[in-house]
Amino acid sequence: MVLIDEMAGVDSVLEPLIQKTIRMQFTDCTVICVSPILKNIIDYDRVIVMEKGKIIEVNSPANLLGDPTSKFFMMCRKSGMFDHLKQLAGQKEYVLEEVNFTI
């Protein structure tokens, strides 16, 4: 198991490299990621949405985006990237395709 606590504001060159490394090096691991960046977790198998320290939603990003009453749906809508996030939900390879260099 790998536990990652991401921070916002990482360098725009470094961030895709980190995401590519996670997806290439930890394919056989359970990855638990705390992230303020929706794009970084949109292709994960499950998302846990918490509010005030309590779990309020657990499902795949695609399923949560299919429910307009979901908190995750509302967070994605407020991000200004809703259409892009919805397109990426469940696509495991998108990060690997967006990074143009090898590790």
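Note that this is a predicted model, so its numbers are computed, not measured. (Residues numbered from 1 in each chain as written. Predicted model: local features only at pLDDT ≥ 70, side-chain atom pairs only at ≥ 80, totals over all residues. Heavy atoms only, no water.)

## Details of the nonpolar core
- In this structure, Ile 41, Ile 42, Val 47, Leu 65, Phe 72 and Cys 76 are the most contacted members of the largest nonpolar core, which totals 19 residues.
- Listed by contribution, the elements that provide at least two residues to this core are strand E1 (2-5), helix H2 (38-41), strand E3 (47-51), helix H3 (61-65), helix H4 (71-78) and helix H5 (82-88).
- Apart from the residues lying within four places of it in its own chain, the contact partners of Val 47 are Ile 41, Glu 57, Val 58, Asn 59, Pro 61, Leu 64 and Phe 72. (Core = buried A, V, L, I, M, F, W, Y, C linked by side-chain atoms within 4.5 Å. Buried < 20%, exposed > 50% of the residue type's maximum accessible area, 1.4 Å probe, protein only. Helix = DSSP H or I, 4+ residues; strand = E, 2+ residues; numbered from the N terminus. Contact = heavy atoms within 4.5 Å.)

## Examining unusual backbone geometry
- Unlike most non-glycine residues, Lys 52 shows phi in positive territory, near 55°.
- Checked against the element boundaries, Lys 52 lands in the loop between E3 and strand E4 (54-59).

## With respect to H4
- Listing the buried residues of H4 in full gives Phe 72, Phe 73 and Cys 76. The arc enclosing the buried residues of H4, seen along the axis, measures out at 105°, which places them on a common side.
- The opening residue of H4 is Ser 70, an N-cap whose side-chain oxygen sits 3.1 Å from the backbone nitrogen of Phe 72.
- Positive backbone phi, at 80°, marks Gly 80, one or two positions downstream of H4. (Arc of directions from axis to C-beta. Polar contact = N/O pair within 3.5 Å; in protein donor to acceptor, adjacent residues only side chain to side chain.)

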